[in-house]
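Each chain is listed here by its residues.
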Amino acid sequence: MTDNLSEHDESEFYYLDEISDTELAQQATYFESNLLNDGEIQKYIRAQQKTSTINKTKYDMNVLKRFLQECGEEREIENIPPTQLDSLLSNFYIKAKKKDNTLYEPDTMSSFSRSIQRYLDDKNAKVNILKDEEFKLSRQALMSRRRELRKEGKGNKPNATVPLTSKDIDAIFNENEFGVHDTEILSRTMWFLLTLHFGHRARHEARQLKFGDVLLKKDEINGEKYVEWFQERETKTRHGDENEHQRAFRPRAYESGDKKCPVVCYKQFVYRSPEEAKSPESPFFLAINHRRMPNDQVWFLNRPMGKNKIDEFLSQATKDLKFTKSKAGHEESSSSCLVKPKKRRFMIESDEED
């Protein structure tokens with residue numbers, strides 16, 4: 001140890017006793033002044049929450065507050081003693097209805113309880129309605145209400161998205177609603193292929209996708225080109241939490257040589273994008289330049305495409321098409337099959353019967 005120290009000049013070392021009391025006090029004051037208070041920490045935590053989660057919590061709390069006001073309860077729930085709050089929540093779970101007096105779905109009732117707990121956590125309340133013994137009655141009331149709603153036919157999810165079959169996808173390409181020949185169609189086709197091969201969700205992941213997240217590469221073994229999802233950002237199932245599931249490999253989409261070739265689509269997509277929008281942190285999906293000339297190479301503007309436009313990709317591609325029959329034997333129109341496609345991952349159904 002002594003030999004190692006002898007290799008260094010004495011001036012390189014830093015000794016605590018060389019710092020004066022004044023300097024120590026100044027450093028302590030500096031660090032203390034830069035510490036976040038509890039309110040700032042809570043603000044930071046809320047900023048990392050998904051917008052959809054924040055909006056869901058606000059909506060559910062408004063429903064609860066409206067119910068409590070009808071019961072003559074004006075206090076904020078964090079100020080209500082646990083025993084009283086448990087009774088009020090029990091009544092809410094049993095009696096709550098929509099504004100049009102129709103019943104909520106069972107899963108919606110359960111989501112109310114999670115929103116209420118998120119609200120209480122934000123308010124630093126020292127109660128947990130999902131676990132504490134004081135709220136056992138309301139949890140039992142919620143469970144019983146779910147069972148009752150199921151008996152009344154709720155919970156069947158009539159608006160659930162029906163998966164497209166491979167024939168449906170071929171029909172969309174054959175009708176030129178997917179392809180590389182038009183600006184809007186090119187964007188929706190690129191989105192579709194990323195969704196198909198990488199499991200992207202309709203709006204959230206498309207909006208946060210960056211140009212450098214998707215790369216064109218060549219297989220060193222067989223020479224085939226492929227598109228790789230190089231950089232995965234936050235998704236619905238991957239938030240960056242410790243010990244969460246990680247992909248074992250980066251998803252790839254190889255060239256196919258047909259209309260659905262992801263490599264051809266990606267090349268055209270990049271070719272039609274402005275050079276200034278090709279930095280790694282530039283938005284991937286860009287707004288359409290509606291003032292371009294017919295022979296212009298660049299089709300897009302250097303700004304992100306709007307979320308509502310992305311929402312319409314699939315519905316616009318299928319609005320005039322008829323779908324094939326599902327396994328249940330029902331012919332699905334685009335309007336019934338694609339109810340709120342942003343809510344779930346795009347699915348491909350096999351044409352073969354089990």
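As the structure is a computational prediction, the values presented were derived from the model and not from experiment.

Account for the sheet that holds strand S2 (residues 214-218), with residues named and values stated.
By way of backbone hydrogen bonds, the strands of a sheet pair with one another, either parallel or antiparallel. Ordered by their spatial adjacency, three strands build an open sheet running S2-S3-S4, and the pairing between neighbours is antiparallel. Of all the strands in the sheet, the pair left with one neighbour each is S2 and strand S4 (252-254). Neighbour-to-neighbour, the strand axes of this sheet turn through a mean angle of 25°, independent of strand direction. Running over the sheet, helix H11 (residues 262-271) touches S2, strand S3 (225-229) and S4 and is turned about 70° from S3.

Explain the packing of helix H5 (residues 82-95) against helix H6 (residues 106-122) residue by residue, including any values.
Packed helices, taken two at a time, are described by their axes: the angle between them and the distance between them. Where H5 contacts H6, the two axes come as close as 10 Å, and the packing angle between them is 150°. On the basis of their axis angle, the class for H5 and H6 is roughly antiparallel. Here H5 runs over H6; the crossing is right-handed. Of H6, the residues touching H5 (which contributes Leu 89, Phe 92 and Tyr 93) are Met 109, Phe 112, Ser 113 and Ile 116. Its residues assigned to classes, the contact of H5 with H6 shows six nonpolar, one polar and no charged.

Explain the nonpolar core to me, using residue names and the numbers behind them.
With 38 residues, the main nonpolar core has Met 190, Leu 194, Phe 284 and Phe 285 as its most contacted residues. Elements represented by at least two residues in this core include exactly helix H8 (166-174), helix H9 (183-198), S3, H11, strand S5 (286-288) and helix H13 (313-318). The element that contributes the greatest number of residues to this core is H9, accounting for seven residues. If we skip the residues at most four places from it in the chain, Met 190 touches Pro 262, Cys 265, Tyr 266, Phe 269, Phe 284 and Phe 285.

Provide a residue-level description of H5, including the pertinent values.
An ideal rise of 1.5 Å per residue puts 20 Å on 14 residues; H5 measures up with 20 Å between its terminal C-alpha atoms. Of the residues making up H5, those classed as buried are Leu 85, Asp 86, Leu 88, Leu 89, Ser 90, Phe 92 and Tyr 93. On its buried side, H5 packs onto helix H4 (51-70), H6 and helix H7 (136-151).

Mind laying out the packing of aromatic side chains, listing which residues take part and the relevant values?
Tallied over the full model, the rule gives 15 aromatic pairs. Their ring planes at 40° and their centres at 5.0 Å tell us that Tyr 226 and Tyr 254 sit as a pair that is tilted. Linking Tyr 226 in strand S3 with Tyr 254 in strand S4, this pair joins segments that are 28 residues apart in sequence. For Tyr 226, a relative accessible area of 5% corresponds to the buried category. A connected cluster of aromatic rings, assembled from ring pairs, spans Trp 191, Phe 269, Phe 284, Phe 285, Phe 300 and Phe 313. Of note, Lys 56 hangs over the ring of Phe 112, and the distance from its end group to the ring centre comes to 5.6 Å.

I'd like a description of the pairing of S2, backed by residues and values.
Sheet topology places S2 next to S3; five bridges connect them, and they run antiparallel. Bridge pairing links Leu 215 to Glu 228 in S3. Following S2, the chain reverses through six residues before pairing antiparallel with S3; Gly 223 in that reversal takes a positive phi of roughly 80°.

If you had to explain H11 to someone new, which residues and values would you point to?
Counting buried residues along H11, seven of its ten residues qualify, which places the element largely inside the surrounding structure. Regarding H11, the residues found buried are Pro 262, Val 263, Cys 265, Tyr 266, Gln 268, Phe 269 and Val 270. Packed against the buried residues of H11 are H9, S2, S3, S4 and strand S6 (300-304).

Reading the values: rules and limits
Residues numbered from 1 in each chain as written. Predicted model: local features only at pLDDT ≥ 70, side-chain atom pairs only at ≥ 80, totals over all residues. Heavy atoms only, no water. Pairing = 2+ DSSP bridges. Helix = DSSP H or I, 4+ residues; strand = E, 2+ residues; numbered from the N terminus. Axes fitted to C-alpha atoms, helices over the stretch in contact; angles between N-to-C directions. Contact = heavy atoms within 4.5 Å. Parallel < 35°, antiparallel > 145°, perpendicular 65-115°, else oblique. Left-handed = near helix turned anticlockwise from the far one by under 90°. Nonpolar A, V, L, I, M, F, W, Y, C, P; charged D, E, K, R; others polar. Core = buried A, V, L, I, M, F, W, Y, C linked by side-chain atoms within 4.5 Å. Buried < 20%, exposed > 50% of the residue type's maximum accessible area, 1.4 Å probe, protein only. Expected span 1.5 Å × (residues − 1). Phe/Tyr/Trp six-rings, centres within 6.5 Å; stacked < 30°, edge-to-face > 60°. Lys NZ or Arg CZ within 6 Å of the ring centre and 35° of its normal.

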